[in-house]
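Observations on chain architecture
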Amino acid sequence: MATTRSTATSQLATAVPTAPTLRSRLALTSGRYLIRPINCALPHNRLGIHAARGLVAAIMAAGGPTPPGTRVTQVRSGPVRGEWVRAAGVEFGDRAIYFVHGSGYVICSARTHRGLAARLSRETGLPVFVIDYRLAPEHPFPAAADDVGAGYRWLLANGYRAQDVVIGGDSAGGHLTMDLLLDNARTGTAQPAGAVLFSPLIDLSFQLAEHHQRRGTEAMASARVGRRAAELYIGGSAADSPRLRLTVPPGAALPPLFVQASDAEMLVGDALRLRDMAVAAGVPCELELWPGQVHVFQALPVMVPEATPALRRAARFITDSLARSEAATRERVS
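Residues numbered from 1 in each chain as written. Predicted model: local features only at pLDDT ≥ 70, side-chain atom pairs only at ≥ 80, totals over all residues. Heavy atoms only, no water.

1. Considering the pattern of salt bridges
Within the structure shown, the criterion is met by 15 salt bridges. The salt bridge involving arginine 243 is made with aspartate 146; its shortest N-O contact spans 3.4 Å. With arginine 243 in the loop between helix 8 (223-234) and strand 7 (257-262) and aspartate 146 in helix 5 (residues 143-157), this residue pair connects regions lying 97 residues apart in the sequence. Taken together, the shared-partner salt bridges in this structure form one network comprising Arg71, Arg86 and Glu91. (Salt bridge = Lys/Arg side-chain N within 4 Å of Asp/Glu carboxyl O. Helix = DSSP H or I, 4+ residues; strand = E, 2+ residues; numbered from the N terminus.)

This is the structure we're talking about:
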């Protein structure tokens, strides 16, 4: 599968590899024959969801522990719940990253993604605000989307200019991120300087996932499991709602996008679909397909050596996006 990147990104010192490392192949194999069968066997009820939440939390903690010296500040402000994550030595300033965690709208939290947020903070020198949105099935659509929107507006109301923020999201968090950006475009809300998406979910029917699951070696779950999780989130809402069935209209006022996915995961088709929609609409979008990785491998540096260089490339996009935004602001003022 082809990988597209801008000239600036292709000049990075660390290139996208052409083949996975041995440790990455082992992670993919162990995931396929251990984690995926457990995920698929868990019952579709409260007990099964509780077990799945514990399983994924354990994997995230073991594969991507929070680096020493990380500082965490809890946020409880009206409907907004989340936490500021700062790597050692990182202070608050005028700029920030807003991160939307993934895992099927059902499983994860700001805490499970604390390690990923801390490493992103370390690579960029920026504080990261991770929104702790409400989970399904306890809180179906549009609870998560509403919480993500409230978190973004909270940042803007607390002194951050949109052009000084970059948003990020993984998996279902990618869907929620794109929903926010498209809603901003519809309502005329100021957009962030850029968006970073790791293995984003775009097609909630999971038809794309089913197709690529047959072709690839998806390690963490099946399209059937993903669809069941999405159904818990959708609830009784119409699946063709514009906030669920995402499309990028021509000329949409969206920020530049940077997308990373594995060429072996079932959501690779979603990443390709997003890239194609964005490019057709005139939205800058860089897509990197990393060979033979597990889903959201950037969160698992202990298991996957490629996690660190991939995250560094995402960090470079973030800093470049903020620099371009600052230059554009100065040009408008002058």
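2. Things to note about empty space enclosed by the protein
This model, assessed by the stated rule, comprises two cavities of 30 Å³ or more. Estimated volume of the largest cavity: approximately 720 Å³. Lining the largest cavity are 37 residues, and of these Asn39, Val56, Ser103, Ile107 and Ala221 sit closest to its centre. Of all the elements in the fold, those that place two or more residues in the lining of the largest cavity are helix 2 (22-41), helix 3 (46-63) and helix 8. Taken together, the residues of the lining of the largest cavity sort by class into 25 nonpolar, nine polar and three charged. Computed from the structure, the second largest cavity encloses a volume of approximately 50 Å³. Around the second largest cavity, the lining residues are Arg119, Arg122, Glu123, Gln298, Pro301, Ala307, Thr308 and Leu311. If you list the elements that add at least two residues to the lining of the second largest cavity, you get helix 4 (114-124) and helix 10 (307-333). Among the residues forming the lining of the second largest cavity, the class breakdown is three nonpolar, two polar and three charged. (1 Å grid on protein atoms, 1.4 Å probe; cavity = no way out; pocket = protein on both sides within 12 Å on 5 of 7 lines; lining within 4 Å. Points joined across faces, edges and corners; volume = space filled by probe spheres on them. Nonpolar A, V, L, I, M, F, W, Y, C, P; charged D, E, K, R; others polar.)

3. A closer look at the nonpolar core
Ranked by internal contacts, the top residues of the largest apolar core, which has 65 residues, are Tyr98, Phe129, Leu176, Met178, Tyr233, Val248 and Leu257. The element best represented in this core is helix 5, accounting for seven residues. Setting aside residues no more than four positions away along its own chain, tyrosine 98 makes contact with Phe129, Ile131, Asp147, Val148, Gly151, Tyr152, Leu155, Val165, Val166, Ile167, Gly168 and Leu180. One finds Ala110, Val128, Phe297 and Ala314 within the second-largest nonpolar core, a separate group that totals 38 residues. (Core = buried A, V, L, I, M, F, W, Y, C linked by side-chain atoms within 4.5 Å. Buried < 20%, exposed > 50% of the residue type's maximum accessible area, 1.4 Å probe, protein only. Contact = heavy atoms within 4.5 Å.)

4. Some details on the side chain of serine 109
Along the chain, serine 109 turns up in the loop between strand 3 (96-100) and helix 4. A polar contact is formed between the side chain of serine 109 and the backbone nitrogen of arginine 111, at a distance of 3.2 Å. The residues touching serine 109, leaving out its near neighbours within four places in the chain, are His101 and Asp132. (Polar contact = N/O pair within 3.5 Å; in protein donor to acceptor, adjacent residues only side chain to side chain.)

5. With respect to the layout of surface pockets
There is about 330 Å³ of room inside the largest pocket. Around the largest pocket sit 16 residues that line it, and Ile202, Asp203, Leu204, Ser205 and Arg245 are the ones nearest its centre. Broken down by element, the lining of the largest pocket gets its largest block of residues, three residues, from helix 8. Grouping the constituent residues of the lining of the largest pocket by class yields eight nonpolar, three polar and five charged. Considering only enclosed or pocket space, the second largest pocket measures out at about 230 Å³ in volume. Residue lining of the second largest pocket: 14 residues in total, with Gln163, Gln191, Pro192, Ala193 and Ser325 positioned closest to the centre. Taken together, the residues of the lining of the second largest pocket break down into seven nonpolar, five polar and two charged.

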